Amino acid sequence: MKTPQTILAATDLSAPARHAVERAFRLAASGGSELHIIHALELDTLDSLREMLGDDLSAVKAGLEDDARERLNRLAGDPASHQGVAARSRVAPGNPLSVIAAEADALNADLVVLGARGESLLRHAMLGSTAARLLRKSAQCPVLVVKQAPHENYRSVLVAVDFSPVSLQAIRSARLLAHSADLVLLHALELPYEASWFLPAWRNR
């Protein structure tokens, strides 16, 4: 794996999801990467309110899009976060999983950065599910899930290995994304018939 040339950060514009964008800025700054930030705006659910809102529905959707775009631009331009990186930001309509996957494919992204949770229990479940499904869906593009605010570059990285080619790729990815960090490799060994070892002792009680 080469050093990420293009990084895609996805955010739901909540405070917790901001951590992912801040980490993406740090990674882009340290690696000289191009950074794109996307917010998926799912407005189809408002169609159920068409009878109530009538002709105002289009205006409501336009207002939500404008607000999301303004907040995303503020996030991308925040000097406290951007580490000197000029990111490109975009609001895209649609389901978050579909939008993020499509954007990653369109950009040929080398890395996707997601927040581990959103701003409420509902968003927590949604974004956590999105991250998990994107991890399963993305075979070519690594996905980094960020849980905490990044105060510094990574210092220590734990890599679980099973001695497969995928493990080797994971080690290389960890080294590229955290080149100054200590790498700790962990292999969990499951011994065959381990449970039966304790069976005679249990029977003799």
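Quick note: structure is the one above.
These remarks concern the structure in this document. Because the structure is a prediction, the values reported are computed rather than measured. (Residues numbered from 1 in each chain as written. Predicted model: local features only at pLDDT ≥ 70, side-chain atom pairs only at ≥ 80, totals over all residues. Heavy atoms only, no water.)

Points about the overall build of the protein
Part 1 of the reasoning: Of the regular secondary structure elements, the protein holds eight helices and seven strands.
Part 2 of the reasoning: Within the protein, the fraction of its 205 residues that count as buried is 38%.
Part 3 of the reasoning: Residue pairs at least 24 apart in sequence account for 74% of intrachain contacts in the protein once pairs closer than 6 positions are excluded.
Part 4 of the reasoning: By element, 54% of the accessible surface of the protein is carried by carbon and sulfur atoms, the whole surface being about 12,600 Å². (Helix = DSSP H or I, 4+ residues; strand = E, 2+ residues; numbered from the N terminus. Buried < 20%, exposed > 50% of the residue type's maximum accessible area, 1.4 Å probe, protein only. Contact = heavy atoms within 4.5 Å. Areas by Shrake-Rupley, 256 points an atom, 1.4 Å probe, with all protein chains shown as cover.)

Structural notes on the sheet that holds strand E3 (residues 88–93)
Part 1 of the reasoning: Strand order across the open sheet formed by five strands is E3-E2-E1-E4-E5, with parallel pairing between neighbours. Sheet topology places E3 and strand E5 (143–146) at the edges, where each strand pairs with a single neighbour. Put simply, the sheet's adjacent strands are angled 25° from each other on average, direction ignored.
Part 2 of the reasoning: Here strand E2 (residues 34–41) runs beside E3; their pairing, made up of six bridges, is parallel. Bridged to Ile38 within E3 is Arg90.
Part 3 of the reasoning: With respect to the sheet, helix H1 (residues 18–31) is in contact with strand E1 (6–10), E2, strand E4 (111–115) and E5, its orientation differing from that of E1 by roughly 170°. (Pairing = 2+ DSSP bridges. Axes fitted to C-alpha atoms, helices over the stretch in contact; angles between N-to-C directions.)

So, the pairing of strand E7 (residues 182–186)
Part 1 of the reasoning: Bridging between strand E6 (residues 156–160) and E7 involves five bridges; their strand directions are parallel. Residue pairing across strands places Ala160 opposite Leu186, the latter belonging to E7.
Part 2 of the reasoning: Note on the crossover from E6 through helix H6 (residues 165–177) to E7: the handedness is right-handed. (Right-handed = clockwise from strand over helix to strand, strands pointing away.)

Let's talk about the pattern of salt bridges
Part 1 of the reasoning: For the structure on display, the rule yields seven salt bridges.
Part 2 of the reasoning: Among the salt bridges present, the one from Arg74 reaches Glu70, with a minimum N-O distance of 3.1 Å. One end of the pair, Arg74, and the other, Glu70, are both in helix H3 (residues 56–77), four residues apart, so they sit about a helical turn from each other.
Part 3 of the reasoning: Overall, the relative accessible area of 46% leaves Glu70 in the partly exposed class.
Part 4 of the reasoning: Where Arg90 meets Glu103, a salt bridge forms, and the shortest distance between an N and an O atom there is 2.5 Å. Here the residue Arg90 occupies a position in strand E3, and Glu103 occupies one in helix H4 (residues 96–107), the gap between them amounting to 13 residues.
Part 5 of the reasoning: Among the residues examined, Arg90 registers a relative accessible area of 40% and is labelled partly exposed.
Part 6 of the reasoning: In this structure, a network of salt bridges that share partners links the residues Arg18, Glu22 and Asp78. (Salt bridge = Lys/Arg side-chain N within 4 Å of Asp/Glu carboxyl O.)

Some remarks on the nonpolar core
Part 1 of the reasoning: Counting residues in each nonpolar core, the largest one holds 24 residues, and the members touching the most others are Ile7, Leu35, Ile37, Leu111 and Val113.
Part 2 of the reasoning: Secondary-structure elements contributing two or more residues to this core are E1, H1, E2, H3, E4 and E5.
Part 3 of the reasoning: The dominant element in this core, judged by the number of residues it contributes, is H1, at six residues.
Part 4 of the reasoning: Setting aside chain neighbours within four positions, we find Leu35 in contact with Ile7, Ala9, Ala24, Phe25, Ala28, Val85, Ala87 and Arg88. (Core = buried A, V, L, I, M, F, W, Y, C linked by side-chain atoms within 4.5 Å.)

Considering the pairing of E1
Part 1 of the reasoning: The buried count for E1 comes to five of five residues, which makes it a mostly enclosed element.
Part 2 of the reasoning: On E1, burial covers both faces: Thr6, Leu8 and Ala10 on one face and Ile7 and Ala9 on the other are all buried.
Part 3 of the reasoning: Taken together, the five bridges between E1 and E2 define a ladder with parallel strand orientation. Bridged to Thr6 within E2 is Glu34.
Part 4 of the reasoning: As a crossover connection, the stretch from E1 through H1 into E2 is right-handed.
Part 5 of the reasoning: Where E1 and E4 come together, three bridges link them in parallel fashion. Across the sheet, Leu8 pairs through a bridge with Val112, a residue of E4.

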